[in-house]
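In case you want the letters, here they are:
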Amino acid sequence: MTADNEVIDADLVERLRARGQRVTSQRLVINRMLRSRDQHVTAEEVLGAVTQTLPGTSLPTVYATLELFEQLGIVRRVNAGGGAVLFDSRTVEHHHLICRTCGAVQDVDANVELEAVFAAARRSGFAPDRAALVVDGVCADCGSSA
């Protein structure tokens, strides 16, 4: 195991134990995979990447792990439209651009004032935790080929 994996594993172990959750090989391998990629991934992509290391891993296990990781603040769920759900290991506040032509998802860092949205949610009795902006449109590659 590399020193990087030791740090990655230690962070996950601490978060799991703080919630009384078990540390499993699937959770460790999936977390390492997410940390090694700087991109948005589907559960199916995660499964494809981890089955080399853990051949018995199933798609329901991957989904359950990603949902747990979302609760732990390790990943963020990104609804990419069309039913696609992506998981983003970049958990700092940021927003997303989604190309309606090719489906590419790109991070965008911009200060967006969401307090009015939170206030409206609270007025309707909703207790908001966070909000993220998703901008749909056409990426530069698709726009230049049109």
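Quantities reported herein were computed from a predicted structural model and do not represent experimental measurements.

Undergrad: Just to check I follow, could you spell out the pattern of salt bridges for this structure?
TA: Two side chains with opposite charge may pair up if their charged atoms get near one another. In total, this model carries six salt bridges according to the counting rule given. Among the ionic pairs, D9 bridges to R32, the shortest N-O distance being 2.5 Å. On the criterion of sequence distance, the pair formed by D9 in helix α1 (residues 3-18) and R32 in helix α2 (residues 25-36) is long-range, its members being 23 residues apart. Overall, R32 belongs to the partly exposed group, its relative accessible area being 24%. Taking the shortest distance from any N to any O, the salt bridge between E70 and R77 comes out at 3.0 Å. E70 sits in the partly exposed class, given a relative accessible area of 28%. Accessibility expressed as a relative area gives 28% for R77, which makes it partly exposed. A single network of salt bridges, built from pairs that share partners, joins R90, D107 and D109.

Undergrad: Help me out: how do you make sense of a nonpolar patch on the surface in this one?
TA: A cluster of nonpolar side chains, V112, L133 and V135, forms an exposed patch at the surface whose accessible area comes to about 190 Å². Along the chain, V135 turns up in strand β6 (residues 134-137). By relative accessible area, which is 36% here, V135 ends up partly exposed.

Undergrad: Mind showing me how you'd approach the nonpolar core here?
TA: One broad trend across soluble globular proteins is that nonpolar side chains are buried collectively. I30, L34, V46, L66 and F69 are the most contacted members of the largest nonpolar core, which has 23 residues in total. Residue assignment for this core shows that the elements contributing at least two residues are α1, α2, α3 (43-50) and α4 (59-72). Among residues more than four places away in sequence, those in contact with L34 are V41, V46, L66, F69, V75 and S89. The next biggest cluster of nonpolar side chains, apart from the first, holds five residues, and it includes V78, A80, L86 and I98.

Here is what the cut-offs are and how they apply
Residues numbered from 1 in each chain as written. Predicted model: local features only at pLDDT ≥ 70, side-chain atom pairs only at ≥ 80, totals over all residues. Heavy atoms only, no water. Salt bridge = Lys/Arg side-chain N within 4 Å of Asp/Glu carboxyl O. Helix = DSSP H or I, 4+ residues; strand = E, 2+ residues; numbered from the N terminus. Buried < 20%, exposed > 50% of the residue type's maximum accessible area, 1.4 Å probe, protein only. Patch = residues over 30% accessible without salt bridge, like charges linked within 9 Å, V, L, I, M, F, W, Y side chains within 5 Å. Areas by Shrake-Rupley, 256 points an atom, 1.4 Å probe, with all protein chains shown as cover. Core = buried A, V, L, I, M, F, W, Y, C linked by side-chain atoms within 4.5 Å. Contact = heavy atoms within 4.5 Å.

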